[in-house]
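# Close look at the chain arrangement
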Amino acid sequence: MFGADKGNTGPLDGKNLHIGVVQARFNEGITNALWDACRGELLALGVQEKRIRHVTVPGALEVATALQALAEHDEFDALIALGCIIRGETYHFELVANESGAAVTRVGLDYQVPIANAILTTENLEQAVARQVDKGADAARVAVEMAQLLKQIG
């Protein structure tokens, strides 16, 4: 939500983190912009390029399977899901939005790895374009913050 008060975090430092990113190719113009913003923010937070693993999948429903495969390697401090689901004229939008969101959450809980979910669910292309950069960068910050938090707890 634009203008949302997201609260303040402490300093975010990603220099020792390994981050995995899964990007859906469906609506590729949007998801490429999400990836560019996410990658840029990860680098700005100190995550080393060689410690970022980026993979692509056909669409939002396939994101969780790739996240699960990355989580099974047990080398990632956090994962990021990138995708874009735009409402169409059928019920398919609800199905894809609900199932992909639930599956991403399940992978995070099953593998105890934080996952920043930046699979956009929008009414139209204009809303997706308006959110693509902010949500990509937000996902990077969430991943780094949650990785730091779990290291502190653990």
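Description of the structure in this document. (Residues numbered from 1 in each chain as written. Predicted model: local features only at pLDDT ≥ 70, side-chain atom pairs only at ≥ 80, totals over all residues. Heavy atoms only, no water.)

## A few points about the overall build of the protein chain
- Across its full length, the protein chain carries four helices and four strands.
- Moving toward the C terminus, one meets the helices and strands of the protein chain in the order β-α-β-α-β-α-β-α.
- A globule of 154 residues ought to have a C-alpha radius of gyration of about 15 Å, and the protein chain, at 15 Å, matches this closely.
- Dimensions of the protein chain, computed from C-alpha atoms along their principal axes, come out at roughly 45 × 35 × 25 Å.
- Burial statistics for the protein chain: of 154 residues in total, 44% are counted as buried.
- Within the protein chain, contacts between residues separated by at least 24 positions form 79% of all contacts whose residues are at least 6 apart in sequence.
- For the protein chain, the exposed area adds up to about 8400 Å²; of that, 50% sits on carbon and sulfur atoms.
- The positive charge centre, built from 13 side chains, and the negative charge centre, built from 20, are 6 Å apart in the protein chain. (Helix = DSSP H or I, 4+ residues; strand = E, 2+ residues; numbered from the N terminus. Rg over C-alpha atoms; globule rule 2.2 N^0.38 Å. Buried < 20%, exposed > 50% of the residue type's maximum accessible area, 1.4 Å probe, protein only. Contact = heavy atoms within 4.5 Å. Areas by Shrake-Rupley, 256 points an atom, 1.4 Å probe, with all protein chains shown as cover. Lys, Arg positive; Asp, Glu negative; His and termini not counted. Charge placed at Lys NZ, Arg CZ, Asp CG, Glu CD.)

## With respect to the packing of helix α1 (residues 28-44) against helix α4 (residues 125-153)
- As a packed pair, α1 and α4 sit with axes 8 Å apart at the nearest point and diverge in direction by 30°. When the axes of α1 and α4 are compared, the pair comes out roughly parallel. The chirality of how α1 crosses α4 is right-handed. Residue-level inspection shows G29, I30, A33, L34, A37, C38, E41 and L42 of α1 in contact with α4, the latter providing L125, A128, V129, Q132, V133, K135, G136, A137, A140, R141 and V144.
- Partitioned by chemical class, the residues of the contact of α1 with α4 number 13 nonpolar, three polar and three charged. (Axes fitted to C-alpha atoms, helices over the stretch in contact; angles between N-to-C directions. Parallel < 35°, antiparallel > 145°, perpendicular 65-115°, else oblique. Left-handed = near helix turned anticlockwise from the far one by under 90°. Nonpolar A, V, L, I, M, F, W, Y, C, P; charged D, E, K, R; others polar.)

## Looking at helix α3 (residues 92-111)
- Helix length check: α3, at 20 residues, gives a terminal C-alpha distance of 28 Å against a target of 28 Å (1.5 Å per residue), a fit within 8%.
- Turning to α3, its buried residues number three or more, namely F93, V96, A97, S100, A103, V104, V107 and G108. The arc enclosing the buried residues of α3, seen along the axis, measures out at 145°, which places them on a common side. Opposite the buried face of α3, by more than 90 degrees, sit the exposed residues N98, R106, L109 and D110. (Expected span 1.5 Å × (residues − 1). Arc of directions from axis to C-beta.)

## Describing the side chain of Q23
- Relative to the assigned elements, Q23 resides in strand β1 (residues 19-24).
- Owing to a relative accessible area of 2%, Q23 belongs among the buried residues under this scheme.
- There is a polar contact of 3.1 Å between the side chain of Q23 and the side chain of T31.
- Leave out the neighbours within four places in its chain, and Q23 touches T31, N32, W35, H54, V55, T56, V57 and L82. (Polar contact = N/O pair within 3.5 Å; in protein donor to acceptor, adjacent residues only side chain to side chain.)

## Side note on α1
- End to end, α1 covers 24 Å across 17 residues, agreeing with the expected 24 Å (1.5 Å per residue, within 8%).
- When we look at burial in α1, the residues that qualify are I30, T31, A33, L34, W35, A37, C38, E41 and L42.
- Buried-residue contacts for α1 involve β1, β2 (52-57), β3 (78-86), β4 (115-122) and α4.

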